[in-house]
Amino acid sequence: MHLDVLGRLLSIGWAVLAVLRGRLSALCWSLTPLSLSLPLPGWRRDSPPRREREQKWDDASPTPTSVNYHFTRQCNYKCGFCFHTAKTSFVLPLEEAKRGLAMLKEAGMEKINFSGGEPFLQDRGEFVGKLVQFCKQELELPSVSIVSNGSLIRERWFKKYGEYLDILAISCDSFDEDVNVLIGRGQGKKNHVENLHKLRQWCREYAVAFKINSVINRFNVEEDMNEQIKALNPVRWKVFQCLLIEGENSGEDALREAEKFVISDEDFEQFLDRHKDISCLVPESNQKMRDSYLILDEYMRFLNCRNGRKEPSKSILDVGVEAAIKFSGFDEKMFLTRGGKYVWSKADMKLDW
């Protein structure tokens, strides 16, 4: 009991220190040019011209309302279109990750999504479990979610951490197991679709909202998934158009060659039209997806995808959230336009578990 109390106090202490360090970093960053711009006493400084005021407004840092933290690049699958490939094996120490998450909460984060790579590879799911518990219990975030391929999740994880998780999103691109193997979602004798149904049942039993993510590509674009999606009844079915990111799944220095998976905008629209009667369908074209996600990498750097590749900012652990997010390329308007903010806390969902 004493150890539990001590551990809780240490977590709170880390969170407080993170907030103070984040504020100090942001303050130091923003004070740099002030010595040259302060007016002399007694001088009346006219308000800046309208164009200058508008520019300052445009340069204002966006709020990190929803953050996707790819804390690991390691994965046990080899999906051919993956656009966050295993270039490093680095994972932040747990307490440093918690410190960064506390800084993001202080900056306005309401939703955190843990992704990879495969989040359940690190310490057999204990690492992501502890982060999920910290974000819900200590930071009291409205929404905590995970995106996983589902292959490594066990029921004991739900028993230990399920109460702290709002949404579990499982990646499933096809209900034909042969197609899943072609894409790279194959692991020995395990059946990806059968495992999906098992995870759906655990989500019901442990009160976790169930979501499905599908990447529409050359191998599954003709598939009709209406019957299977309706049977699984997820809260959201996020349907992505296969996206090329230079240096990740396209180009000379890439670890994947996703060109053969790419489909046209017309192909994507035909797939959406075939599934238009599914009420939980959330479509995301390349145009919507590229700049409307706040992506944080394994070093807690924001990744700017505006130029077709992932260009990292400085780490929020070094310069603070406000300074780093200015280089994120994040399109806050597109985030809202694509429906990035929705009912994302399971406490507010009316679900038949």
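The protein is annotated in an unreviewed UniProt entry as S-adenosylmethionine-dependent nucleotide dehydratase RSAD2 from Onychorhynchus coronatus. For the protein, the Sequence similarities (unreviewed entry) comment in UniProt is given as "Belongs to the radical SAM superfamily. RSAD2 family." Reading the Subcellular location (unreviewed entry) entry of the UniProt record for the protein gives the comment "Endoplasmic reticulum membrane".

A. Structural view of the pairing of strand β3 (residues 143-148). In terms of burial, β3 is largely enclosed, as six of its six residues are buried. Burial along β3 is two-sided: Ser143, Ser145 and Val147 facing one way and Val144, Ile146 and Ser148 facing the other are all buried. One ladder, built from four bridges, connects strand β2 (residues 111-115) with β3; its direction is parallel. What sits directly across from Ile112, in β3, is Val144. Assessed by its sense of winding, the connection that carries the chain from β2 through helix α4 (residues 126-138) to β3 is right-handed. The parallel pair β3 and strand β4 (residues 167-171), bridged by helix α5 (residues 155-161), forms a crossover whose chirality is right-handed.

B. Geometry of helix α7 (residues 192-205). Here α7 is 14 residues long and its end C-alpha atoms lie 20 Å apart, about the 20 Å a rise of 1.5 Å per residue gives. Contact partners of the buried residues in α7: α5, β4, α6 (177-183), β5 (209-216) and α8 (226-232). One or two residues past the end of α7 sits Ala207, with phi positive at roughly 55 degrees.

C. Region of interest: the side chain of Arg236. Among the structural elements, Arg236 can be located in strand β6 (residues 236-241). With no salt bridge to any partner, buried Arg236 finds its closest opposite charge in Glu284, at an N-O distance of 5.5 Å.

D. Main features of the nonpolar core. If you look at the biggest cluster of nonpolar residues, it comprises 70 residues, and the most contacted ones within it are Tyr69, Leu101, Ile112, Phe114 and Trp237. With residues near it in sequence (within four places) discarded, Leu101 still touches Tyr69, Met109, Ile112, Phe114, Leu131, Phe134, Cys135, Leu139 and Met300. Counting 16 residues, the second-largest nonpolar core is a separate cluster that includes Tyr77, Val179, Val215 and Phe240.

E. A positive patch on the surface, seen in detail. Among the surface-exposed residues, Arg124, Arg154, Arg156, Lys190 and Lys198 lie close enough to one another that they form a single positively charged patch. Structurally, Arg154 can be placed in the loop between β3 and α5.

F. Quick peek at the pattern of salt bridges. Within the structure shown, the criterion is met by 12 salt bridges. Put simply, Lys136 and Asp166 hold a salt bridge, and the shortest N to O gap is 2.7 Å. Of this pair, Lys136 sits in helix α4 while Asp166 sits in the loop between α5 and β4, placing them 30 residues apart in sequence. Side by side, Lys136 and Asp166 carry an identical accessibility label, which is buried. Taken together, the salt bridges that share partners define one network made up of Lys238, Glu284 and Arg338.

Cut-off values and rules
Residues numbered from 1 in each chain as written. Predicted model: local features only at pLDDT ≥ 70, side-chain atom pairs only at ≥ 80, totals over all residues. Heavy atoms only, no water. UniProt positions renumbered as here; feature names shortened; annotations may be inferred. Buried < 20%, exposed > 50% of the residue type's maximum accessible area, 1.4 Å probe, protein only. Helix = DSSP H or I, 4+ residues; strand = E, 2+ residues; numbered from the N terminus. Pairing = 2+ DSSP bridges. Right-handed = clockwise from strand over helix to strand, strands pointing away. Expected span 1.5 Å × (residues − 1). Contact = heavy atoms within 4.5 Å. Lys, Arg positive; Asp, Glu negative; His and termini not counted. Salt bridge = Lys/Arg side-chain N within 4 Å of Asp/Glu carboxyl O. Core = buried A, V, L, I, M, F, W, Y, C linked by side-chain atoms within 4.5 Å. Patch = residues over 30% accessible without salt bridge, like charges linked within 9 Å, V, L, I, M, F, W, Y side chains within 5 Å. Areas by Shrake-Rupley, 256 points an atom, 1.4 Å probe, with all protein chains shown as cover. Charge placed at Lys NZ, Arg CZ, Asp CG, Glu CD.

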